[in-house]
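For reference, the chains in residue letters:
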Amino acid sequence: DVLVYNVGIHYNLRVTRKHIRHYANEISKPLMMHEEKQHGSTKNVTISSNSAESNSSSRTRTIYVMSPAQHYNTNDGQWQKGMTDESKKCVKEIPSNPRAKVEQELLIPGVNVDVLLDYDDLSLGHMHVQKGDDCSHYCMPGVPDVVGARLVEEFLSE
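Within each chain, residue numbers correspond to sequence positions counted from 1 in written order. Reporting in this predicted model follows two pLDDT cut-offs: at least 70 for local features of residues, and 80 or more for side-chain atom pairs to be given and counted; totals over whole chains, interfaces and linings ignore these cut-offs and use all residues. Calculated side-chain values reflect all of the structure's heavy atoms, with hydrogen atoms and water omitted.

1. Comments concerning the overall build of the protein
To keep things clear, this is the line we draw: Think of it this way: any DSSP run of H or I at least four residues long counts as a helix, any run of E at least two long counts as a strand, and we number them from the N terminus. Residues are treated as being in contact if the distance between any of their heavy atoms lies within 4.5 Å.
Regarding its fold elements, the protein presents three helices and three strands. Here the analysis covers contacts within the protein between residues at least 6 apart in sequence; of these, 68% occur between residues at least 24 apart.

2. Some words on the state of the cysteines
What counts, and what does not: Disulfides are defined in this document as cysteine sulfur pairs within 2.5 Å.
The full count for this structure, using the stated rule, is one disulfide. Sulfur of Cys-139: no disulfide; nearest cysteine sulfur belongs to Cys-90 and is 9.6 Å away.

3. Some remarks on the nonpolar core
Put simply, the rule is: Joining through side-chain atoms within 4.5 Å is the link that ties buried Ala, Val, Leu, Ile, Met, Phe, Trp, Tyr and Cys residues into a set, and such a set is a nonpolar core. The cut-offs for exposure are 20% and 50% of the maximum accessible area for each residue type, with area from a 1.4 Å probe on protein chains only; residues under the lower value are buried, those over the upper are exposed, and the others partly exposed.
In terms of nonpolar packing, the biggest core is built from twelve residues, these being Val-7, Ile-20, Tyr-23, Ala-24, Tyr-64, Met-66, Ala-100, Val-102, Leu-106, Leu-107, Val-113 and Leu-116. With sequence-adjacent residues up to four places away left out, Ile-20 is seen in contact with Val-7, Tyr-64, Val-102, Glu-103, Leu-106 and Leu-107. The next biggest cluster of nonpolar side chains, apart from the first, holds nine residues, and it includes Ile-63, Tyr-119, Tyr-138 and Val-147.

4. Here's the deal with helix H2 (residues 98-106)
Stated precisely, the cut-off is as follows: Here a polar contact is recorded for every N or O atom pair within 3.5 Å, except that within protein the pair must consist of a potential hydrogen donor and a potential acceptor, and residues adjacent in sequence are included only if both atoms are side-chain atoms.
All buried positions along H2 are accounted for by Pro-98, Arg-99, Ala-100, Val-102, Glu-103 and Leu-106. For H2, the N-terminal cap is Asn-97; the gap from its side-chain oxygen to the backbone nitrogen of Arg-99 is 3.0 Å.

5. Re the environment of Lys-29
Turning to its location among the elements, Lys-29 is positioned in helix H1 (residues 13-39). Separated by 33 residues in sequence, Lys-29 and Thr-62 have C-alpha atoms that sit 8.8 Å apart.

6. Topic: the packing of aromatic side chains
Heads up, the condition is: Aromatic pairing here means that ring centres of Phe, Tyr or Trp (its six-membered ring) are within 6.5 Å. Orientation follows from the plane angle: under 30 degrees is stacked, over 60 is edge-to-face, and everything else is tilted.
Applying the stated rule across the entire model yields five aromatic pairs. With centroids separated by 5.6 Å and ring planes inclined at 45°, the aromatic side chains of Tyr-23 and Tyr-64 adopt a geometry described as tilted. Remark: Tyr-64 occurs in strand S2 (residues 61-65) and Tyr-23 occurs in helix H1; sequence separation between them is 41 residues. The buried category is assigned to Tyr-64, whose relative accessible area is 0%. By way of ring pairs, the aromatic residues Tyr-5, Tyr-23 and Tyr-64 are connected into one cluster.

7. Structural notes on the sheet that holds strand S1 (residues 2-5)
What links the strands of a sheet is backbone hydrogen bonding, and the strands pair in either a parallel or an antiparallel sense. Spelled out, the test is: Two strands pair if DSSP finds at least two bridges between them. Whenever a helix is involved, its axis is fitted only over the stretch in contact; in every case the axis is a line through C-alpha atoms, and angles between N-to-C directions fall within 0 to 180 degrees.
Spatial strand order, S1-S2-S3: three strands in an open sheet with parallel pairing. Each edge of the sheet is formed by a strand with only one pairing partner; in this case those strands are S1 and strand S3 (115-117). Each adjacent strand pair in this sheet contributes to an overall mean axis angle of 20°, direction not counted. Bridging between S1 and S2 involves four bridges; their strand directions are parallel. In the sheet register, Tyr-5 faces S2, and the bridge partner there is Tyr-64. Running over the sheet, helix H3 (residues 143-157) touches S1, S2 and S3 and is turned about 160° from S2.

And the structure:
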């Protein structure tokens, strides 16, 4: 079994931090500790689509997909209340993603999550919907498809 999780972009950073801590401490880490208690140490397990192939040493793997970057014309690229028409315009690139920084700070692969999957989209602002003032959602096909492919690669790498 695999649990794929993401907090999303629709919370402020304070609430995002709270949700990530909850996921790490109350969901992901207990799943990882469950195996450690049963087997004495953490092991990598094979992901199988056939439950008959599962063995007693398997446990739910936790994969956290990092939040996509927003590309608003603000100091950090994030949506903010009271934005001007100019700040609602999409920019092609932002220097960093504040949500990803929080996620990287709180989620540590092998400690409280198995895999931290990076969206890696800081320079993909030109691929947002850009209808009206939407610099948060991507056109399809597009960036989400690439992240989906990375997720499939992660499944197959085990």
